[in-house]
Amino acid sequence: MRRRSAPARAAGGALAIVVTVMLTGCFANPLDAIVEQASEETAKNTAEELIEGMTGGEAGIELGGLPEGFPEEIPLVSDNILQSMTMPEGTMVVVEDPRNMGEVAAQVKSDFADWEEVAFTDMEQLVSAGYKKGSLGVNVSIMGEEGSPTRVGYIIPNEEAE
């Protein structure tokens with residue numbers, strides 16, 4: 001088992017906090033579309049600054065798209081990408097799917113059928129799994145509730161950070 005440095009643990013914690021906020025939708029702004037767009041840009045910049053301050057490294061947040069260099073081997077359950085983030089410790093992508101959580105969880109399990117499942121937890125409204133294939137690892141978190149789209153977060157740690 002490899003030990004992680006204090007900055008790596010802090011970055012991992014920051015990444016976990018950001019993915020939880022993104023999955024729960026707590027970042028949504030209830031104001032009209034114009035204010036929402038301006039607020040999203042402000043929130044994006046603030047989040048980047050916060051993460052960079054916590055980790056001491058560069059962070060990039062992308063709204064609606066995959067970050068540059070995202071591994072092609074990672075199957076996403078949906079093309080509806082809400083946000084992605086890169087930082088020295090890894091990459092995180094959050095997608096939204098209109099299907100219910102059970103259907104999405106089954107799809108994710110099928111998508112990673114040829115990967116080694118290294119962790120799995122089902123807590124009803126949150127399913128979390130870890131997969132590994134060669135040197136590539138991914139943690140997948142699925143969150144949903146009745147009547148709302150299901151959100152799926154993918155966290156891909158950088159090999160150096162593991």
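What counts, and at which threshold
Residues numbered from 1 in each chain as written. Predicted model: local features only at pLDDT ≥ 70, side-chain atom pairs only at ≥ 80, totals over all residues. Heavy atoms only, no water. Buried < 20%, exposed > 50% of the residue type's maximum accessible area, 1.4 Å probe, protein only. Helix = DSSP H or I, 4+ residues; strand = E, 2+ residues; numbered from the N terminus. Arc of directions from axis to C-beta. Polar contact = N/O pair within 3.5 Å; in protein donor to acceptor, adjacent residues only side chain to side chain. Contact = heavy atoms within 4.5 Å. Core = buried A, V, L, I, M, F, W, Y, C linked by side-chain atoms within 4.5 Å. Pairing = 2+ DSSP bridges. Phe/Tyr/Trp six-rings, centres within 6.5 Å; stacked < 30°, edge-to-face > 60°. Salt bridge = Lys/Arg side-chain N within 4 Å of Asp/Glu carboxyl O.

Student: Account for helix H3 (residues 101-111), naming residues and giving values.
Tutor: Met 101, Val 104 and Val 108 are the residues of H3 that are buried. Along the axis of H3, the buried positions cluster into a sector of 65°, meaning they face one direction only. At the N-terminal boundary of H3, the capping side chain belongs to Asn 100, with an oxygen 3.0 Å from the backbone nitrogen of Gly 102.

Student: Help me get a handle on the side chain of Ser 84, residues and values and all.
Tutor: Its location among the elements puts Ser 84 in strand S2 (residues 81-87). Of note is the side chain of Ser 84, whose polar atom sits 2.8 Å from the backbone oxygen of Gly 65.

Student: How would you explain the environment of Gln 125 if you had to name every residue and give the values?
Tutor: Here Gln 125 is to be found in the loop between strand S4 (116-122) and strand S5 (126-133). Separated by 21 residues in sequence, Gln 125 and Glu 146 have C-alpha atoms that sit 9.3 Å apart. Excluding residues that lie within four positions of it along the chain, Gln 125 makes contacts with Met 101, Ile 142, Met 143, Gly 144 and Glu 145.

Student: Run through the nonpolar core, naming residues and quoting values.
Tutor: Ile 74, Val 108, Phe 112, Val 138, Val 140, Val 152 and Tyr 154 are the most contacted members of the largest nonpolar core, which has 21 residues in total. For this core, the elements supplying multiple residues, two or more each, are strand S3 (90-97), H3, S5, strand S6 (136-143) and strand S7 (150-157). If you tally residues by element for this core, the top one is S6, at four residues. One finds Met 87, Met 92, Val 94 and Ile 155 within the second-largest nonpolar core, a separate group that totals five residues.

Student: Kindly report on the pairing of S3, identifying the contributing residues and their values.
Tutor: By the criterion of burial, S3 is predominantly enclosed, with eight of the eight residues buried. Where burial is concerned, the two faces of S3 agree: the one with Gly 90, Met 92, Val 94 and Glu 96 and the one with Thr 91, Val 93, Val 95 and Asp 97 are both buried. Looking at chain direction, S2 and S3 are connected through six bridges and run antiparallel. In the strand pairing of S3, Thr 86 is matched with Thr 91. In terms of strand pairing, S3 meets S7 through eight bridges, oriented antiparallel. When the bridges of S7 are listed, Asp 97 appears paired with Thr 150.

Student: Tell me what's going on with the environment of Gly 90, and back it up with residues and numbers.
Tutor: Along the chain, Gly 90 turns up in strand S3. The spacing of Gly 90 and Pro 157 is 67 residues in sequence and 4.1 Å in space, taken between C-alpha atoms. If we ignore the near neighbours within four places in the chain, the residues touching Gly 90 are Met 85, Ile 156, Pro 157 and Asn 158.

Student: With reference to specific residues and values, describe the packing of aromatic side chains.
Tutor: The final tally for this structure, using the stated rule, is two aromatic pairs. Seen in terms of ring centroids, Phe 112 and Trp 115 are 5.1 Å apart; in terms of plane orientation they differ by 75°. Their pairing is edge-to-face. For the pair Phe 112 and Trp 115, a shared accessibility class is recorded, and that class is buried. Ring centres 4.5 Å apart and planes at 10° place the aromatic pair Phe 112 and Tyr 131 in the stacked group. Taken together, the positions of Phe 112 in the loop between H3 and S4 and Tyr 131 in strand S5 put the pair 19 residues apart, joining distant regions of the chain.

Student: Residues and numbers for the pattern of salt bridges, please.
Tutor: For the coordinates displayed, the defined rule picks out four salt bridges. For the salt bridge of Arg 99 with Asp 97, the shortest nitrogen-to-oxygen distance reads 2.9 Å. According to the relative accessible area criterion, Arg 99 is partly exposed, its value standing at 27%. Its relative accessible area of 4% is what places Asp 97 among the buried residues.

Any functional reading would require information beyond the geometric quantities listed.
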